[in-house]
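Structural description and commentary
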Amino acid sequence: MREYQQFAQFYDALMGDGSSRSARILEAIDRFDVGATSLLELGCGTGSVLEGLVLIPRLVGLDASAEMLSAATAKVPSAEFLLGDMTDFDLGTTFDVVACVYDTVNHLVNYEAWESLFQGVARHLKPGGLFIFDLNTIGRLHQLVTSPPWVHDFDGNTLIMDVRSDGDELTLWDIRVFASAGDGTFTLHQENIRELGVALETVRTTLATDFDLLHEEDDSGNPPTDESSRAYFVYRRQG
Ligand SMILES: C[S@@+](CC[C@H](N)C(=O)[O-])C[C@H]1O[C@@H](n2cnc3c(N)ncnc32)[C@H](O)[C@@H]1O
């Protein structure tokens, strides 16, 4: 089954708004002075990040889930949304900024797909444009695998999310939402999502072909390692 089909209707209630992710993107644009008039978000989901970027005149969001895009279209009517695969896309245009955030890159389950994504980003960035993304690290994914399932009540519904190993550095996120019908009965919505962990040095080496590293940090503002919780990157397209 396609990912983010079942989960889409609960995504915003569970993940909150995307304002901190938008703020991080705006901070990088400001800091590296790209004067962004166009931005593409790959794996834009329900549009929570683009919602905080509406001062940028041209916004495009691409996602593989029609259900996530349906929410995004309603949330950010001024943006253009495209159903597609971020490992294989050709929009015939370039952008000042390409963003791919909230461990969306980790959703690609083999490293060849990461390389295809990075090549697509390079093709769609103007020379000097910014590539802004974050990653769940190998250490973070290991930690989630050894942690108990996350149980969370929201809007009368209950989420149970269990992250398991699916071989090597691949993890399987078993997501179950027991949705209340309001009459004491519940409907189960279940979905499996996979995330791959990759050593940060492997990613840096791949990106060095087309990009210059401008900034990287972990959640505490320190240089990220494979044991950091999350790694944030800002790269500049060469040329
Ligand atoms: C964790 S969500 C992040 C959504 C959004 N970036 C945010 O910060 O709220 C990951 C998104 O990536 C999308 N996605 C996963 N694999 C994809 C692919 N190969 N091509 C396009 N979108 C993909 C999913 O459909 C989902 O909407």
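Residues numbered from 1 in each chain as written. Predicted model: local features only at pLDDT ≥ 70, side-chain atom pairs only at ≥ 80, totals over all residues.

Another point: the domain arrangement of the protein chain. Per the domain assignment, the segments of the protein chain are domain 1 (8-137 + 198-237) and domain 2 (139-196). Here the C-alpha centre of domain 2 lies 24 Å away from the C-alpha centre of domain 1. In this assembly, 17 residues from domain 1 lie in contact with 13 residues from domain 2. The dominant element in the side of domain 1 that touches domain 2, judged by the number of residues it contributes, is helix 1 (residues 8-15), at three residues. (Domains from an automatic or database assignment. Contact = placed C-beta atoms within 7 Å. Helix = DSSP H or I, 4+ residues; strand = E, 2+ residues; numbered from the N terminus.)

In spatial order, the strands read 6-7-8-9; together these four strands make up an open sheet with antiparallel pairing. The sheet is open, and its two edges are formed by strand 6 (150-154) and strand 9 (186-196), each paired on a single side. Mean inter-strand twist for the sheet, computed between neighbouring axes without regard to direction, equals 15°. Looking at chain direction, strand 8 (residues 170-180) and strand 9 are connected through 11 bridges and run antiparallel. Counted as the bridge partner of arginine 176 is glutamine 190 from strand 9. The sheet contacts of helix 5 (residues 138-146) involve strand 7 (157-165), strand 8 and strand 9, and relative to strand 7 the element is tilted by about 115°. (Pairing = 2+ DSSP bridges. Axes fitted to C-alpha atoms, helices over the stretch in contact; angles between N-to-C directions.)

Let's shift gears to the site of the ligand. Inspection of the region around the ligand gives 20 residues, with Gly43, Gly45, Ala64, Ser65 and Tyr102 positioned closest. The residue makeup of the shell around the ligand, split by class, is eight nonpolar, eight polar and four charged. (Near = placed C-beta within 6 Å. Nonpolar A, V, L, I, M, F, W, Y, C, P; charged D, E, K, R; others polar.)

Moving on, we get to the nonpolar core. In terms of nonpolar packing, the biggest core is built from 57 residues, with Leu39, Val97, Val98, Ala99, Phe131, Ile132 and Phe133 touching the most fellow members. For this core, the leading source of residues is strand 5 (residues 125-136), giving six residues. For this core, the domains that each give at least three residues are domain 1 (8-137 + 198-237) and domain 2 (139-196). (Core = buried A, V, L, I, M, F, W, Y, C linked by C-beta atoms within 7 Å. Buried ≥ 20, exposed ≤ 12 C-beta atoms within 10 Å, placed from the backbone.)

Moving on, we get to the environment of proline 148. Inspection of the secondary structure assignment puts proline 148 in the loop between helix 5 and strand 6. The class of proline 148 is exposed, set by 6 C-beta atoms lying within 10 Å. Sequence spacing of proline 148 and alanine 122 is 26 residues, and the spatial spacing of their C-alpha atoms is 39 Å.

Further remarks concern the sheet that holds strand 1 (residues 38-42). Ordered by their spatial adjacency, seven strands build an open sheet running 3-2-1-4-5-11-10, and the pairing between neighbours is mixed. Unpaired on one side and paired on the other, strand 3 (80-83) and strand 10 (211-217) mark the two borders of the sheet. Across the sheet, the mean angle from the axis of one strand to that of its neighbour is 15°, orientation sign disregarded. Sheet topology places strand 4 (residues 95-100) next to strand 5; five bridges connect them, and they run parallel. Its bridge partner being in strand 5, valine 98 is matched across the sheet by phenylalanine 131. Where helix 4 (residues 111-124) meets the sheet, it contacts strand 1, strand 4, strand 5 and strand 11 (230-237), and its direction lies at approximately 150° from that of strand 5.

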